[in-house]
Amino acid sequence: MENERLALVLGASGGVGGAIADALLRHGWTVRAMARDVENARRENPAALEWVAGDAMNRDDVVRAASGVRAIVHAVNPPGYRNWQTLVLPMIDNTIAAARAANPGRRAARVVLP
């Protein structure tokens with residue numbers, strides 16, 4: 001049975017994404033978080049997050065990480081806060097594709113943009 005309170009937080013190793021992940025945990029959600037370097041993310045973010053490896057620029061990674069989630073928090077920034085004009089739209093396109101694919105036969109996952 002799918003978890004009605006499962007969220008994917010993209011950017012959970014950052015300030016805003018980390019705060020949202022913590023708040024979701026406090027409110028009874030299961031939180032999956034995607035990071036390029038999972039081992040480093042686990043060391044720096046000891047909260048009870050389910051870490052999965054992936055990159056927000058890779059659509060397949062985001063779709064895979066979003067499987068079964070009810071919400072996706074899109075709190076990512078381009079690496080080094082550079083190249084916004086070429087990276088922001090592909091990242092949000094990947095998040096939208098993942099939301100649509102998250103729950104086949106059911107309503108798409110909700111996308112949250114902090």
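Provided above is the structure to which this section pertains.
Residues numbered from 1 in each chain as written. Predicted model: local features only at pLDDT ≥ 70, side-chain atom pairs only at ≥ 80, totals over all residues. Heavy atoms only, no water.

A. A look at the overall build of the chain. Within the chain, the secondary structure is distributed over four helices and five strands. From first element to last, N terminus to C terminus, the chain shows the α and β order β-α-β-α-β-α-β-α-β. Computed over C-alpha atoms, the radius of gyration of the chain comes to 13 Å, within 12% of the 13 Å expected from 2.2 N^0.38 for 114 residues, which places it in the range of a compact globule. Overall, the chain is about 40 × 30 × 25 Å in size when its C-alpha atoms are taken along their principal axes. Going through the 114 residues of the chain one by one, you find that 43% of them count as buried. Relative to all contacts within the chain whose residues are 6 or more apart in sequence, the contacts with residues 24 or more apart total 59%. Put simply, the chain shows about 6500 Å² of open surface, and 52% of that area lies on carbon and sulfur atoms. A gap of 6 Å separates the mean positions of the 14 positive and 11 negative side-chain charges of the chain. (Helix = DSSP H or I, 4+ residues; strand = E, 2+ residues; numbered from the N terminus. Rg over C-alpha atoms; globule rule 2.2 N^0.38 Å. Buried < 20%, exposed > 50% of the residue type's maximum accessible area, 1.4 Å probe, protein only. Contact = heavy atoms within 4.5 Å. Areas by Shrake-Rupley, 256 points an atom, 1.4 Å probe, with all protein chains shown as cover. Lys, Arg positive; Asp, Glu negative; His and termini not counted. Charge placed at Lys NZ, Arg CZ, Asp CG, Glu CD.)

B. Summary view of the pairing of strand β4 (residues 71-74). Burial along β4 is two-sided: the face carrying A71 and V73 and the face carrying I72 and H74 are both buried. Bridge count for β4 against strand β5 (residues 110-112) is three bridges, and the pairing is parallel. Within the sheet, the bridge partner assigned to A71 lies in β5 and is R110. (Pairing = 2+ DSSP bridges.)

C. The arrangement of helix α4 (residues 84-101) in detail. In a regular helix each residue adds 1.5 Å, so 18 residues correspond to 26 Å; α4 covers 26 Å between its end C-alpha atoms and thus fits that length. At its buried positions, α4 is contacted by β1 (6-10), α3 (59-65), β4 and β5. (Expected span 1.5 Å × (residues − 1).)

D. Local environment of the nonpolar core. With 18 residues, the main nonpolar core has L8, L10, M34, A66, V69, I72 and A109 as its most contacted residues. Breaking this core down by element, the ones donating at least two residues are β1, α3 and α4. The element best represented in this core is α4, accounting for four residues. Residue contacts for L10: discarding those within four places in its chain leaves M34, V62, I72, V73, H74, A75, V76 and T95. With 15 residues, the next largest nonpolar core counts A7, A35, L49 and V73 among its residues. (Core = buried A, V, L, I, M, F, W, Y, C linked by side-chain atoms within 4.5 Å.)

E. Up close: the sheet that holds β4. Reading across the sheet, the five strands line up as β3-β2-β1-β4-β5 and stay open at both edges, with parallel pairing between neighbours. Two strands in the sheet have a free side with no partner beyond their single neighbour: β3 (50-53) and β5. Mean inter-strand twist for the sheet, computed between neighbouring axes without regard to direction, equals 25 degrees. Taken strand by strand, helix α1 (residues 15-26) contacts β1, β2 (30-35) and β4, and its axis lies near 165 degrees from that of β1. Contacting β1, β4 and β5, α4 crosses the sheet at an angle of about 175 degrees to β4. (Axes fitted to C-alpha atoms, helices over the stretch in contact; angles between N-to-C directions.)

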